[in-house]
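# What the coordinates show
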Amino acid sequence: MGPGFTSLGVAFLRNDQIGYEGTLEQKLVKRRISIGAFYKDYSDNLIQWKTATKTTMSYGGKLGFNFPKIPYLRLGYSQFSQLNSELDPIKNVNNLTSIYSASTGYSYKIKKMRSTTSLTFTGQDAKSKQDSSRNNNN
């Protein structure tokens, strides 16, 4: 089996892609600080049947603080890129998306109930090779 193989039992399975993924996570200071990172990289057109090879890559990190009697804080950032080797400028793809977030909150007791108040900010910045297709959302 290899690129181009099609299984009769799983005909929809992607068969022309190679990918690598990795994740690291660590908790410190009695699990009150957390640090994490990830990386993913995929490419297709392994058997050179298409006119171009598409590559997608993403990476990111996160940081969290969760100490007693003070609000928690979580920060995150990730980036996703997609490009191909197409020579035709109309079919050429070169996209880059960045996602960032910050979240804070505090849990407290009101009589016998537990309540949490939180505030979250999330942003996304997406752009492609044409400046006219740039998007920024917060």
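Residues numbered from 1 in each chain as written. Predicted model: local features only at pLDDT ≥ 70, side-chain atom pairs only at ≥ 80, totals over all residues. Heavy atoms only, no water.

Per the secondary structure count, the protein includes zero helices and seven strands. In sequence order, the protein lays out its α and β elements as β-β-β-β-β-β-β. Expected size for 138 residues packed as a compact globule is a radius of gyration near 14 Å; at 21 Å, the protein overshoots this value by more than 25%. Across its three principal directions, the C-alpha atoms of the protein cover 65 × 40 × 25 Å. A burial count over the protein gives 18% of its 138 residues as buried. The contacts of the protein with a sequence gap of at least 6 include a subset with a gap of at least 24, amounting to 40%. In the structure as shown, the protein presents an accessible area of about 10600 Å², 58% of it carried by carbon and sulfur atoms. Side chains of the protein carry 19 positive and 9 negative charges; the gap between the two charge centres is 23 Å. (Helix = DSSP H or I, 4+ residues; strand = E, 2+ residues; numbered from the N terminus. Rg over C-alpha atoms; globule rule 2.2 N^0.38 Å. Buried < 20%, exposed > 50% of the residue type's maximum accessible area, 1.4 Å probe, protein only. Contact = heavy atoms within 4.5 Å. Areas by Shrake-Rupley, 256 points an atom, 1.4 Å probe, with all protein chains shown as cover. Lys, Arg positive; Asp, Glu negative; His and termini not counted. Charge placed at Lys NZ, Arg CZ, Asp CG, Glu CD.)

The geometry of two aromatic rings is summed up by the distance between their centres and the angle between their planes. On inspection of all chains with the given rule, the structure shows two aromatic pairs. It is Arg-74 that lies over the ring of Tyr-72; its NZ or CZ is 4.3 Å from the centre. (Phe/Tyr/Trp six-rings, centres within 6.5 Å; stacked < 30°, edge-to-face > 60°. Lys NZ or Arg CZ within 6 Å of the ring centre and 35° of its normal.)

This part covers the pattern of salt bridges. Tallied over the full model, the rule gives three salt bridges. With a closest N to O distance of 3.6 Å, Lys-62 and Glu-25 form a salt bridge. One end of the pair, Lys-62, is in strand 3 (residues 54–65); the other, Glu-25, is in strand 1 (residues 17–28), and 37 residues separate them in sequence. The exposure class of Glu-25 is exposed, given its relative accessible area of 55%. Here Lys-50 makes a salt bridge to Asp-44, at a shortest N to O gap of 3.1 Å. (Salt bridge = Lys/Arg side-chain N within 4 Å of Asp/Glu carboxyl O.)

Sheet topology places strand 1 next to strand 2 (residues 33–44); twelve bridges connect them, and they run antiparallel. Residue Leu-24 lies in a different strand from strand 2, and its bridge partner there is Ala-37. As consecutive antiparallel partners, strand 1 and strand 2 are separated by four residues, and within that stretch Val-29 has a phi angle of approximately 50°, a positive value. In the sheet, strand 2 pairs with strand 3 via eleven bridges, with the strands oriented antiparallel. The residue bridging Tyr-39 from the neighbouring strand is Tyr-59, located in strand 3. (Pairing = 2+ DSSP bridges.)

Among the structural elements, Asp-16 can be located in the segment before strand 1. Assessed through its relative accessible area of 11%, Asp-16 is described here as buried. Looking at Asp-16, its side chain comes within polar contact range of the main-chain nitrogen of Leu-46, at 2.7 Å. (Polar contact = N/O pair within 3.5 Å; in protein donor to acceptor, adjacent residues only side chain to side chain.)

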